[in-house]
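Commentary on secondary and tertiary structure
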Amino acid sequence: MDRAPGLSARLKLTLSYAGFLVLAGALLITVWVVLMRYFPHAPIVRATRYGIGGAFAPGRSPTQQAFGQAAVAVLAFLLVFGLVGGWLLAGRMLAPLARITDATRIAANGSLSHRIELEGSKDEFRELADAFDAMLARLEAHVAEQQRFAANASHELRTPLAITKTLLDVARNDPARGTGELIERLHTVNARAIDLTEALLLLSRADQRSFTREHVDLSLIVEEATETLLPLAEKHCVTIKTSGDITPTIGSHALLLQMTTNLVHNAIVHNLPEQGTVWVTTSVHPKSVVLTVENTGEKLTPQLVATLGEPFLRGPGRIRTEHAGVGLGLAIVKSITQAHDGTLSLTPRPAGGLCVTVQLPVAPPNTGR
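The rules behind these values
Residues numbered from 1 in each chain as written. Predicted model: local features only at pLDDT ≥ 70, side-chain atom pairs only at ≥ 80, totals over all residues. Heavy atoms only, no water. Helix = DSSP H or I, 4+ residues; strand = E, 2+ residues; numbered from the N terminus. Buried < 20%, exposed > 50% of the residue type's maximum accessible area, 1.4 Å probe, protein only. Contact = heavy atoms within 4.5 Å. Pairing = 2+ DSSP bridges. Axes fitted to C-alpha atoms, helices over the stretch in contact; angles between N-to-C directions. Expected span 1.5 Å × (residues − 1). pLDDT = per-residue confidence, 0-100. Left-handed = near helix turned anticlockwise from the far one by under 90°.

**So, the overall build of the chain**
Each helix and strand counted, the chain has 10 helices and 9 strands in total. Residues counted as buried form 33% of the 369 residues belonging to the chain. Of the contacts made within the chain by residues no fewer than 6 positions apart, 70% connect residues no fewer than 24 positions apart.

**Comments concerning the sheet that holds strand β6 (residues 276–284)**
Overall, mixed pairing links the 5 strands, which are arranged β4-β6-β7-β9-β8 in an open sheet. Taken across any chain shown, the strands that pair with only one partner, and hence form the sheet edges, are β4 (238–244) and β8 (343–348). This sheet shows a mean twist of 10 degrees between the axes of neighbouring strands, independent of strand direction. Pairing analysis gives 8 bridges linking strand β7 (residues 288–295) to strand β9 (residues 354–361), with the strands arranged antiparallel. Bridged to V290 within β9 is Q359. Contacts from helix α8 (residues 253–269) reach β4, β6, β7 and β9, with the element oriented near 25 degrees to β7. Contacting β8 and β9, helix α10 (residues 329–339) crosses the sheet at an angle of about 140 degrees to β8.

**A closer look at α8**
Along its 17 residues, α8 runs 24 Å from first to last C-alpha, staying within 8% of the 24 Å computed at 1.5 Å per residue. Extensive coverage of α8 is indicated by the burial of 12 of its 17 residues. When α8 is considered as a whole, its buried residues turn out to be L255, L256, L257, M259, T260, T261, N262, L263, V264, A267, I268 and V269.

**Some points on the confidence of the model for the chain**
Residues of the chain with pLDDT of at least 70 account for 75%, and the chain-wide mean is 77. For the stretch residues 42–57, pLDDT sits under 50, and the model shows 19 contacts to residues farther than four places along the chain or on other chains. Contacts for the low-pLDDT stretch residues 317–323, under 50 throughout, to residues beyond four places or in other chains number 11 contacts.

**Points about the packing of α8 against α10**
Here α8 crosses α10 at 145 degrees, and the two axes come no closer than 9 Å. The chirality of how α8 crosses α10 is left-handed. In this structure, α8 uses L255, L256, Q258, M259, N262, L263 and N266 to contact α10, whose residues at the interface are G329, L330, I332, V333, I336 and T337.

Here it is in C-alpha cells:
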C-alpha cells in the first residue's frame, strides 16, 4: 500500500525529547519569574516617563535583567541538548527495530535461515524479535517440507507413468504376446496412480482447510471405520477391539473418517502375521478428545517412528507388500489432525507395534439442539 512520506520514528522521538525538555525548562523559568516578581532580591526600582500625561512605567532591577538573559541562554541550551541527546537516545532505543527491519528485508529476498537473535533482557522489541525468529523457523521448516513433498510426489507420480510406458513399449515390440497379462498389469499400475492422485488431492484439501466444520462424534466415526475394515481384519487374522466414551468435536466428518480409516488400516496391515490385535479407544477430557489406535507387531525404534509421519516414507517390509499403499497414510492423518487444530503423537510399544494418539479440541455444548 502506498503511503505519504512522513517523519521517521527516530526524528519523532528526538523532537518529543527536545520538546519535553524545553517545556520543562519553560515551566521552571516561569515559576522562577513569579517568585522573583513577588520576592525580589534587589528592591531597586527605576521609572521611565512615557506617553501623554507623564505616566511612569516600572523598570527592572539588574537582577531581573540578568535573569532574563540567563533564561534565554538556558532555553537555548536545553533545546540543543534535547535535540542532540534525543537523537542519540532515540537511535539507541530504535537499534533493535533496525535489526528487525534488516531481517525482514533479508527474509523478503528469500533467505529464511537468517535469525535476529536479539540479546538483552526481555522487552517489547525483544519479544517482537523472538516472535519473528520463531515465525522464520516455522516458515523455513514448512518450505523445506513442501520442497521435499513436491520432489517425492513428482517421483511417485513419475513411477507409474514410466511403468505404463515400458509395458506399452513391450507390447508394441511383441505383437504376438497375449494382452491379458498386459491389461492386468496396466490395470494395477493405473489403480495405483489413481490412489496416489486421490491421496494428494485429499492431502491438499486438508492443508488448505477448505472444508465445512460441524459437530461430530469421534466414537461413531470409529465404529464406522472399524465396520468397513472388518473384512480386511479377518483376512489378516487380526482382532479389532474398540472401547471408549462419546467424544464430541468439531470438524469435517469425511476427513475425520479418512483419518480414522487410515489409522485402523495401517494397524491391521502392519501387524503380526497371525493372531494380531488392534485396540481403538476414544476418551473425552475437559478441553480435548483423544483417539488412540494401538496394534501388535514388530518392535520399532524411536528413530524409525519419528519418520513415519513424513510423506512417502514407509517402514521396513512395507514397500513390496500387497497393501503397501502410496506412502501418504500417516502424512494424511497428520495433515487432517493439524487442520482440526489437533496434535498427533506416534510411540513405539515396548512389546512391539505402534501407539498412535490423536488429540482434538472438544466441542462446546451444542445449545442449538
